[in-house]
Every structure is written in C-alpha cells, then in structure tokens.
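Residues per chain, in single letters:
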Amino acid sequence: VQLQASGGGLVQAGGSLKLSCAVSGGTFNDYAVAWFRQSPGKEREFVAAIRWRDRYTSYADFAEGRFAISRDSTKNTVYLQMNALKPEDTATYYCAAQTRMIVSSLPLRRQYRNWGQGTQVTVSS
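I will try to describe carefully the structure that is included in this document. Bear in mind the structure is a predicted one, so any value in this text is a computation, not a measurement.

Turning our attention to the nonpolar core. Counting 29 residues, the largest nonpolar core has Trp 35, Leu 80, Met 82 and Tyr 93 as its most contacted members. If you list the elements that add at least two residues to this core, you get strand 1 (2–6), strand 3 (17–24), strand 4 (31–38), strand 5 (45–51), strand 7 (67–72), strand 8 (77–82), strand 9 (91–99) and strand 11 (119–124). Once you skip the residues sitting within four places of it in the chain, Leu 80 turns out to touch Leu 17, Lys 18, Leu 19, Trp 35, Val 47, Ala 48, Phe 67, Ala 68, Ile 69 and Tyr 93. Ranked by size, the runner-up nonpolar core spans ten residues in total, among them Ala 32, Ala 34, Met 101 and Tyr 112.

Within this structure, the stated rule accounts for one disulfide. In this model Cys 21 forms its disulfide with Cys 95; the gap between the sulfur atoms is 2.2 Å. Between Cys 21 and Cys 95 the disulfide shows an S-S torsion of about 75°. By sign, it is right-handed. A residue pair is termed long-range when its members are at least 10 positions apart, and Cys 21 in strand 3 and Cys 95 in strand 9 qualify at 74 residues. In terms of burial, Cys 21 and Cys 95 fall into one category: buried.

Each value, and the rule that gives it
- Residues numbered from 1 in each chain as written.
- Predicted model: local features only at pLDDT ≥ 70, side-chain atom pairs only at ≥ 80, totals over all residues.
- Heavy atoms only, no water.
- Core = buried A, V, L, I, M, F, W, Y, C linked by side-chain atoms within 4.5 Å.
- Buried < 20%, exposed > 50% of the residue type's maximum accessible area, 1.4 Å probe, protein only.
- Helix = DSSP H or I, 4+ residues; strand = E, 2+ residues; numbered from the N terminus.
- Contact = heavy atoms within 4.5 Å.
- Disulfide = S-S within 2.5 Å.

Structure representation (structure tokens):
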C-alpha cells in the first residue's frame, strides 16, 4: 500500500486545515489508516485513526473535539480536519496504514508498517 499525504501549510492560531492521505494498493477494507505527528526533538505521536471497514475512529486526547478523521471510499482518501489550531499543533503530520488492526492497537505507532511522507503544519500565534 502507498500513502501520499498533503494539505499542510501555515495557518494562524484558531484557524483550520484539512489534511488528505491518498491511499493506493492493497484491499482497503482490511486497513486502518492513522495520522501521527512529530515536532523537532519529540517522538512521533498518535493523532487519530479510522478503520476502513467499519469507520471506527480513535483520537488522542488533544485531538478529541478539535480534529475529525474521515474517509472517502470513492477517492480512496482519508482526511484529517483540524479546527481551532494551536501553536503546539505545529508538526510534521504523517499518515500510516496497517491491516487487521484491533481497537486497542490503533494508537500504537509500532503497529503500522506502511507510512507516507509527511506534510508540514505550522500554526502561528
């Protein structure tokens, strides 16, 4: 499976951005797709995930209520709508995919073997 992330940019605090992750190859119903982010000097952290088959979603605490993950099967794309952005949301955002993910594994970075390139999100204060 190949993943192509896009949609990053520069936005003021309080603004919104929508990231896209185009997915190709594989059998989509088998996959979960997640977003992670990484700031300089910090570990890559979980943001949100969605299971393609049943649309089950999982969010990090900081993302709950501000971010929304969704998927469009007609476009083979997973989206991350980010609202009320804060300067601390500044990071490189990566999408990742893996098959046969149970709910408890969705936030676990080490479970994902397929990664896209990152897209930079910068939130100015």
